[in-house]
Amino acid sequence: MEANSSATGPEPFRLFDEKSQSGFGLGFLDVPENKPLPPPPPCVEVLSSQVSSNVEFNVEPINMDGLTLLKGRVSTKEVFGLSNSDLVPGKYEGGLKLWEGSLDLVKTLNSEMLSGQLSLTGKRVLEVGSYCGGCGHGLPGIFACLKGAHAVHFHDFNAEVLQCLTIPNVNANIQQNLLAKDGNNSAEVRFFASDWSEAHLILPHVLADEDGAKSGHTVDQATGYDIILMAETVYSVSTLPTLYKLIKKCLHSPHGIVYLAAKKHYFGVGGGSRRFISIVEKDGILAASLVAEVTDGSSNVREVWKLHFR
C-alpha cells in the first residue's frame with residue numbers, strides 16, 4: 001500500500017489484499033477482542049517551527065502523469081521506536097507511508113483542474129488524515145498550495161508525523177516550486193493533530209453547532225472549508241460515522257466540495273469507499289458522484305469520489 005519511491009508508480013498492494021487479508025498481522029484496526037485502544041493524544045496545533053531536527057529526512061521525486069512532486073522518507077524506527085513494518089493500533093497506523101490513494105487524489109485534482117471542473121484559487125482547503133494514520137506526506141494538500149489555494153490546513157492523528165514528515169515535505173515541495181518559479185505559494189499553511197472526534201475543536205474553519213455556537217469562535221456565515229481532501233480514510237467501519245460528522249462540521253455550505261480517494265473495499269476490516277458512500281446517501285445532505293476508478297492491478301479497485309451539497 002506504500003507507493004514506490006521511484007517514478008514508475010506504486011508498488012503492489014500489501015496490507016489488505018484478498019489473499020493475505022491483513023498482511024501485517026493485526027492490520028489497521030483489527031484490535032484483539034476486548035482490548036480497548038489507548039486514549040487519543042491531545043488536540044494541538046503543530047507550528048511549522050516545530051519540525052523535528054532529530055530524524056533524518058530525505059526526499060525524492062515522484063512522477064504522476066507528468067506532474068512531479070517530492071516524496072519525503074523517514075524511518076518509523078527513528079520516529080516511533082518501531083520497526084518499519086510495525087503497526088500499533090491507537091499509536092501508529094502507517095502515517096509515515098505514502099498511500100496509493102494520495103497519488104490517485106492528486107492525479108484526479110489535476111485532471112479536474114485541467115478540465116475546468118475545479119479551481120483551487122483563493123480556496124480554504126483541509127486535508128483530513130486517517131483516524132490513526134494521517135495526512136503523512138500531504139501531497140494532495142501540497143498540490144492545493146501550489147495551485148493558488150488561500151489556506152491549506154493539514155490534519156493528522158499523530159503530531160510526530162506532522163513534525164517529522166508532513167511539515168518537512170510541505171516545505172521541500174514549496175521550496176522546489178519557488179526555485180522553479182512555477183505556481184502560487186502564498187497559501188496560509190497550518191498543521192493540526194487530533195483524532196476525528198475532537199478535530200472540530202482546533203480547526204479554524206468549522207461551522208457553528210446546531211445551537212448556533214462554536215466553542216472559542218465567533219459564528220461566521222462564511223466559515224467552513226471550501227474543499228476537503230481525504231485519501232485512504234475509510235478503511236474502518238467503526239470510524240466512518242465519526243468521519244462523516246467531521247465533514248459536515250467543516251464543509252462550507254452550499255458550495256463546499258469533498259474529494260475522497262480510497263479502496264472500494266478493504267479486506268479484513270470491512271471498510272471502503274462504497275461503505276462510506278452508503279452512509280452519505282442515507283443521510284441525504286450530500287450528493288456523491290464517482291470521478292475516477294483505478295484498476296491498475298497494484299491493488300483491489302480504487303476509487304475517487306466527489307461529494308457536494310444537494
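These numbers come from a predicted model, not from an experiment. (Residues numbered from 1 in each chain as written. Predicted model: local features only at pLDDT ≥ 70, side-chain atom pairs only at ≥ 80, totals over all residues. Heavy atoms only, no water.)

Trainee: What is the right way to look at the overall build of the protein chain in this model?
Mentor: Scanning the protein chain for helices and strands turns up six helices and 10 strands. Across the 310 residues that make up the protein chain, the buried fraction comes to 52%. Intrachain contacts of the protein chain at a sequence separation of at least 6 include 72% that bridge at least 24 residues. Accessible surface, the protein chain as shown: approximately 13,200 Å² in total, 49% of it carbon and sulfur. (Helix = DSSP H or I, 4+ residues; strand = E, 2+ residues; numbered from the N terminus. Buried < 20%, exposed > 50% of the residue type's maximum accessible area, 1.4 Å probe, protein only. Contact = heavy atoms within 4.5 Å. Areas by Shrake-Rupley, 256 points an atom, 1.4 Å probe, with all protein chains shown as cover.)

Trainee: How should the side chain of aspartate 195 be read in this particular structure?
Mentor: When you line up the elements, aspartate 195 lands in the loop between strand E6 (188-193) and strand E7 (227-231). It is lysine 249 that comes nearest to the buried, bridge-free aspartate 195 among opposite-charge side chains, at 10 Å. From its side chain, aspartate 195 meets the backbone nitrogen of glutamate 198 in a polar contact 3.2 Å long. (Lys, Arg positive; Asp, Glu negative; His and termini not counted. Salt bridge = Lys/Arg side-chain N within 4 Å of Asp/Glu carboxyl O. Polar contact = N/O pair within 3.5 Å; in protein donor to acceptor, adjacent residues only side chain to side chain.)

Trainee: Quick question: what am I supposed to make of the nonpolar core here?
Mentor: Note on soluble globular proteins: their nonpolar side chains tend to be buried together. Among the nonpolar cores identified, the biggest contains 36 residues, and Leu105, Val125, Val152 and Tyr259 are the most heavily contacted of them. Ranked by residue count, the leading element in this core is helix H3 (residues 139-146), at six residues. Within the second largest apolar cluster, 32 residues are counted, among which are Leu203, Tyr244, Ile247 and Phe276. (Core = buried A, V, L, I, M, F, W, Y, C linked by side-chain atoms within 4.5 Å.)

Trainee: Would you take a moment to explain helix H6 (residues 273-283) for this structure?
Mentor: Residues spaced three or four apart along an α-helix face the same direction, because each turn holds 3.6 residues. Among the residues of H6, Ser273, Phe276, Ile277 and Val280 are the ones counted as buried. The arc that holds every buried residue of H6, seen down its axis, measures 100°, which confines them to one face. Buried residues in H6 make contact with E7, helix H5 (240-250), strand E8 (257-263), strand E9 (286-294) and strand E10 (302-309). Of the residues flanking the end of H6, it is glycine 284, one or two places downstream, whose phi is positive at about 80°. (Arc of directions from axis to C-beta.)

Trainee: For this particular structure, what's the right way to read the pairing of E6?
Mentor: Where a strand is regular, its side chains alternate between the two sheet faces. Strand direction decides the pairing type here: strand E1 (residues 44-46) and E6, joined by three bridges, are antiparallel. When the bridges of E6 are listed, valine 44 appears paired with alanine 193. Here six bridges tie strand E5 (residues 151-156) to E6, and the two strands are oriented parallel to one another. Looking at E6, one finds that phenylalanine 154 is bridged to phenylalanine 191. (Pairing = 2+ DSSP bridges.)

Trainee: So what exactly am I meant to see when it comes to the packing of H3 against helix H4 (residues 159-180) here?
Mentor: The packing of two helices is summarised by the inter-axis angle and the distance between the axes. Here H3 crosses H4 at 35°, and the two axes come no closer than 10 Å. Seen along the crossing, H3 lies across H4 with a hand that is right-handed. Side by side, H3 and H4 meet where Leu139, Ile142 and Leu146 of the first sit next to Asn169, Val170, Asn173, Ile174 and Asn177 of the second. Looking at side-chain class alone, the contact of H3 with H4 contains five nonpolar, three polar and no charged residues. (Axes fitted to C-alpha atoms, helices over the stretch in contact; angles between N-to-C directions. Left-handed = near helix turned anticlockwise from the far one by under 90°. Nonpolar A, V, L, I, M, F, W, Y, C, P; charged D, E, K, R; others polar.)

Trainee: Would you mind going over H5 with me for this structure?
Mentor: The complete set of buried residues in H5 reads Leu240, Leu243, Tyr244, Leu246, Ile247 and Cys250. The arc that holds the buried residues of H5, viewed along the axis, is 160°, so those residues lie on one side.

Trainee: Is there a simple way to explain the packing of aromatic side chains in this structure?
Mentor: How two aromatic rings sit relative to each other is set out by the distance from centre to centre and by the angle between their planes. Scanning the entire structure with this criterion turns up three aromatic pairs. Centre to centre, the rings of phenylalanine 154 and phenylalanine 191 are 5.3 Å apart; their planes meet at 15°, and the pair counts as stacked. Here phenylalanine 154, found in strand E5, pairs with phenylalanine 191, found in strand E6; they are 37 residues apart in sequence, far enough to count as distant. Across the pair, exposure class does not vary: phenylalanine 154 and phenylalanine 191 are buried alike. (Phe/Tyr/Trp six-rings, centres within 6.5 Å; stacked < 30°, edge-to-face > 60°.)

Trainee: When you look at the environment of phenylalanine 192 in this model, what are you seeing that I'm missing?
Mentor: Counting through the fold element by element, phenylalanine 192 comes out in strand E6. Given a relative accessible area of 1%, phenylalanine 192 falls into the buried group. Residues phenylalanine 192 and valine 44, spaced 148 residues apart in sequence, show a C-alpha to C-alpha distance of 5.9 Å. Leave out the neighbours within four places in its chain, and phenylalanine 192 touches Val44, Glu45, His153, Phe154, His155, Asp156, Leu162, Ile202, Leu203 and Pro204.

Trainee: What's the story with the sheet that holds E5 in this structure? I'm lost.
Mentor: Strands pair in a sheet through their backbones, by hydrogen bonds, and they do so in one of two ways: parallel or antiparallel. With mixed pairing, the eight strands of this open sheet are ordered in space as E1-E6-E5-E4-E7-E8-E10-E9. The open sheet has two edge strands, E1 and E9, and neither has a second partner. Direction aside, neighbouring strands of the sheet carry axes that sit 20° apart on average. Here E8 runs beside E10; their pairing, made up of seven bridges, is antiparallel. Within E10, the residue paired with lysine 263 across the bridge is arginine 302. Strands E1, E5 and E6 of the sheet are contacted by H4, whose axis makes an angle of about 160° with E6. Along the sheet face, H6 touches E7, E8, E9 and E10 and points at about 15° away from the line of E10.

Trainee: Hey, could you run me through the environment of arginine 274 in this one?
Mentor: Looking at the secondary structure, you find arginine 274 in helix H6. Among the residues examined, arginine 274 registers a relative accessible area of 36% and is labelled partly exposed. Side-chain polar atoms of arginine 274 contact the side chain of glutamate 303, separated by 2.6 Å.

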